[in-house]
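What follows is the residue order along each chain.
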Amino acid sequence: PQRFFERNFAAFSVKDPMRPEGLFTGYYEPEVEGSRVQAPGYPVPVYRKPDDLVALSEQQQQTTGMTYGRVVNGDIVPYHTRQEIEVGALSGRGLEILWLKDWSDAFFLQVQGSGRVRFPDDSLIRLEYAAKSGLPYTSIGSRLVARGVMSPQEMSMQVIRDWMNRHPEDARYLMWENQSFIFFRETAVGDLGPNGAQQVPLTPGRSLAVDRSLWMLGTPVWLDMSVPSADGRTMTEFRHLTIAQDTGSAIRGHVRGDVFWGAGEDAALIAGRMKSAGSMT
């Protein structure tokens, strides 16, 4: 592999004047408990892509400033917000794939872009990204920092979830501040991760989400940084070749990436704590 890249590629160090130190985070495939039918203890629907969600043409995007929307009386309008959907805007249309136990489970499933759902009979399915509403993504972690609930140094997915578990009513309103909403499709669980934006299965530790407005999917990217251990006690050197195979609403910038860590508790802990400076080649 080394000779192949030496012979066929030229290496360029990426410089970002807006963020010279770079920023690399992690994501993973969560596993949550669910039910095929709405039942006591399973109140939260997961939706497939609605028919009235339309991707806008380039000309429509320039005119409206939106990438997705819906048509009402011949006019293009924004799609329903997270709050509107969660209080019933899509109810009664047969779009439910399954139901989950908790609103925060559904929220973090959307943040990660995919996940596994385990049913009461212990069977397992995968939910993969199908579409997004097109409304702006808002980081709820940043909102908690701005309110003084936690410091930037403390912030991790685990800390956010702990706060949400202790403040369920406030958490519901906080999640509604992120108007963006993700729709899913059901697939089988394979040996690798879910399909990324490149439509190939993601490989733990080797698949990278990038800013798609700047980078072409399939680009080889060498990363040089440190990542947290699963227990959070140490930082480990990470110097590896990755492939740009995915993207995300929060991934913006030249030296900015999101490393896929796979499924399981260790993957969740590493991804949840990861906020590393580093370089891209």
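Notes on the structure follow. This is a predicted model, so every value here is computed, not measured.

**Here we look at the sheet that holds strand β10 (residues 182-187)**
- If you walk across this open sheet you meet the six strands as β3-β7-β2-β8-β9-β10, and the pairing is mixed. In this open sheet, the two strands that pair with only one neighbour each are β3 (44-47) and β10. Going from strand to strand, the sheet's axes swing by 45 degrees on average, the running direction of each strand aside.
- Of the strand pairs in this sheet, strand β9 (residues 124-132) and β10 are connected by six bridges, and their pairing is antiparallel. The partner of leucine 127 across the bridge, within β10, is glutamate 186.

**Comments concerning helix α4 (residues 103-112)**
- Of all 10 residues making up α4, eight are buried, and the element is well covered by its neighbours.
- If you check which residues of α4 are buried, you get Ser104, Asp105, Ala106, Phe107, Phe108, Leu109, Gln110 and Gln112.
- In the stretch just after α4, glycine 113 is the one whose phi turns positive, near 90 degrees.

**Some points on the packing of aromatic side chains**
- Using the criterion set out here, one finds 10 aromatic pairs in the structure.
- Following the ring pairs from residue to residue traces out a cluster consisting of Tyr47, Tyr79, Phe181 and Phe183.
- One residue, arginine 172, lies across the ring of tryptophan 103, its end atom 3.8 Å from the ring centre.

**Side note on the nonpolar core**
- The biggest cluster of nonpolar side chains holds 34 residues, and the ones touching the most others in it are Met164, Leu223, Met225 and Trp261.
- Among the elements that take part in this core, helix α8 (residues 265-273) stands out by supplying five residues, more than any other.
- Sequence-distant contacts of methionine 225, defined by excluding residues within four places in its chain, comprise Phe24, Thr236, Glu237, Phe238, Val259, Met274, Ser276, Ala277 and Gly278.
- Of all hydrophobic cores here, the second largest spans 14 residues; its members include Val44, Val46, Leu109 and Phe119.

**A closer look at unusual backbone geometry**
- Despite not being glycine, asparagine 73 has its phi angle at roughly 55 degrees, a positive value.
- Unlike most non-glycine residues, glutamine 199 shows phi in positive territory, near 65 degrees.

**Points about helix α6 (residues 157-166)**
- Along α6, the positions that sit buried rather than exposed are Met157, Ile160, Trp163 and Met164. The buried residues of α6 occupy an angular sector of 130 degrees when projected down its axis, which confines them to one face. Facing away from the buried surface of α6 by more than 90 degrees, the exposed residues are Asn165 and Arg166.
- Packed against the buried residues of α6 are β1 (23-29), α4, α5 (140-146), α7 (168-176) and α8.

**Comments concerning the side chain of aspartate 105**
- As for its placement among the helices and strands, aspartate 105 is situated in helix α4.
- Those residues in contact with aspartate 105 that sit more than four places away from it in its chain are Val32, Leu100 and Arg161.

**Considerations on the pairing of strand β12 (residues 220-228)**
- When β12 meets strand β13 (residues 235-246), the two strands line up antiparallel, connected through nine bridges. Counted as the bridge partner of tryptophan 222 is leucine 241 from β13.
- Here β12 folds back onto β13 in antiparallel fashion, the turn holding six residues, of which glycine 232 has a positive phi close to 75 degrees.
- Here β12 pairs with strand β16 (residues 278-280) via three bridges, running antiparallel. Along β16, the bridge assignment pairs leucine 223 with methionine 280.

What counts and what doesn't
- Residues numbered from 1 in each chain as written.
- Predicted model: local features only at pLDDT ≥ 70, side-chain atom pairs only at ≥ 80, totals over all residues.
- Heavy atoms only, no water.
- Pairing = 2+ DSSP bridges.
- Helix = DSSP H or I, 4+ residues; strand = E, 2+ residues; numbered from the N terminus.
- Axes fitted to C-alpha atoms, helices over the stretch in contact; angles between N-to-C directions.
- Buried < 20%, exposed > 50% of the residue type's maximum accessible area, 1.4 Å probe, protein only.
- Phe/Tyr/Trp six-rings, centres within 6.5 Å; stacked < 30°, edge-to-face > 60°.
- Lys NZ or Arg CZ within 6 Å of the ring centre and 35° of its normal.
- Core = buried A, V, L, I, M, F, W, Y, C linked by side-chain atoms within 4.5 Å.
- Contact = heavy atoms within 4.5 Å.
- Arc of directions from axis to C-beta.

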